[in-house]
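Overview (structure and organization)
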Amino acid sequence: GNSVTQMEGPVTLSEEAFLTINCTYTATGYPSLFWYVQYPGEGLQLLLKATKADDKGSNKGFEATYRKETTSFHLEKGSVQVSDSAVYFCALKRGGSEKLVFGKGTKLTVNP
Amino acid sequence: NAGVMQNPRHLVRRRGQEARLRCSPMKGHSHVYWYRQLPEEGLKFMVYLQKENIIDESGMPKERFSAEFPKEGPSILRIQQVVRGDSAAYFCASSPLNGPGAYEQYFGPGTRLTVT
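The rules we used
- Residues numbered from 1 in each chain as written.
- Chains lettered and ligands numbered in written order.
- Predicted model: local features only at pLDDT ≥ 70, side-chain atom pairs only at ≥ 80, totals over all residues.
- Heavy atoms only, no water.
- Helix = DSSP H or I, 4+ residues; strand = E, 2+ residues; numbered from the N terminus.
- Rg over C-alpha atoms; globule rule 2.2 N^0.38 Å.
- Areas by Shrake-Rupley, 256 points an atom, 1.4 Å probe, with all protein chains shown as cover.
- Core = buried A, V, L, I, M, F, W, Y, C linked by side-chain atoms within 4.5 Å.
- Buried < 20%, exposed > 50% of the residue type's maximum accessible area, 1.4 Å probe, protein only.
- Contact = heavy atoms within 4.5 Å.
- Pairing = 2+ DSSP bridges.

A word on the overall build of chain B. Counting secondary structure elements, chain B contains zero helices and 11 strands. Secondary structure elements of chain B, listed N to C terminal, follow the sequence β-β-β-β-β-β-β-β-β-β-β. For 116 residues, the compact-globule formula gives about 13 Å, and the C-alpha radius of gyration of chain B, at 14 Å, lands near that figure. Overall, the C-alpha framework of chain B stretches about 45 × 25 × 25 Å when taken along its three principal axes. Entry remark: accessible area of chain B is about 5900 Å², with carbon and sulfur atoms responsible for 48%.

Once that is clear, we can look at the nonpolar core. One finds W35, L47, L48, F73, L75 and Y88 of chain A to be the most contacted residues of the largest nonpolar core, which totals 26 residues. Of all the secondary-structure elements, those providing two or more residues to this core are β2 (11-14), β3 (19-21), β4 (23-26), β5 (32-38), β6 (44-50), β8 (62-65), β10 (86-93) and β12 (106-111) of chain A. Considering each element in turn, this core owes the most residues, four residues, to β10 of chain A. Non-local contacts of L47 of chain A, meaning those with residues more than four positions away in its chain, are made with W35, Y36, V37, N59, K60, F62, L75 and Y88 of chain A. One finds M46, V47, L49 and Y90 of chain B within the second-largest nonpolar core, a separate group that totals 23 residues.

This paragraph deals with the pairing of β8 of chain A. All names here are of chain A. One ladder, built from four bridges, connects strand β7 (residues 56-59) with β8; its direction is antiparallel. When the bridges of β8 are listed, K56 appears paired with T65. Where β8 and strand β9 (residues 75-77) come together, three bridges link them in antiparallel fashion. For A64, the partnering residue across the bridge sits in β9 and is L75.

Geometric descriptors of this kind do not, in isolation, establish any biological role.
Printed below as a string of structure tokens:
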């Protein structure tokens, strides 16, 4: 079946540190891959996406590259800010289906 | 353009009662999705609806749960005879059929259901 495995949290970093949150997936066919962010008390917001192998999604300084050979979509940011503190979810959507399959989420806390 | 609206934001029900969760999609969006997030878990797909039509309910429990998206008004997720295991956050998402962002899902803030 289709599944997403995310790096266990929580992750605590100092401001301006480098961030990596690992995400690997199992899927039939060629899924689209997503990172969503959930700020406290809010719904999920789409952060970035990639729809085919070697695509790089980027937004607000975050990046992730669709790696078919390692079935991975790791999230990175070169210099995190306190305002990046949130829960990050990796997700996939298989072609022909509209349902998103989510990882368990990784809570990030950035300290000043 | 207001985002996806969900109400109530918090709902407390005793075991055996009914829970009704409402979702108003973004203006112009004709697709609605419901997801459930159990404690310490990721979101799990429940159902996908278009107006007056259930497209995919493969994630819905077979009993006690139902969903609708009528021609007028919000989408409703209904849980009959709630049990403690139904305690979770329920998220609704909507997407447009056409244009930029077609089928991209925009999430509401969620309803946190607590069953006592």
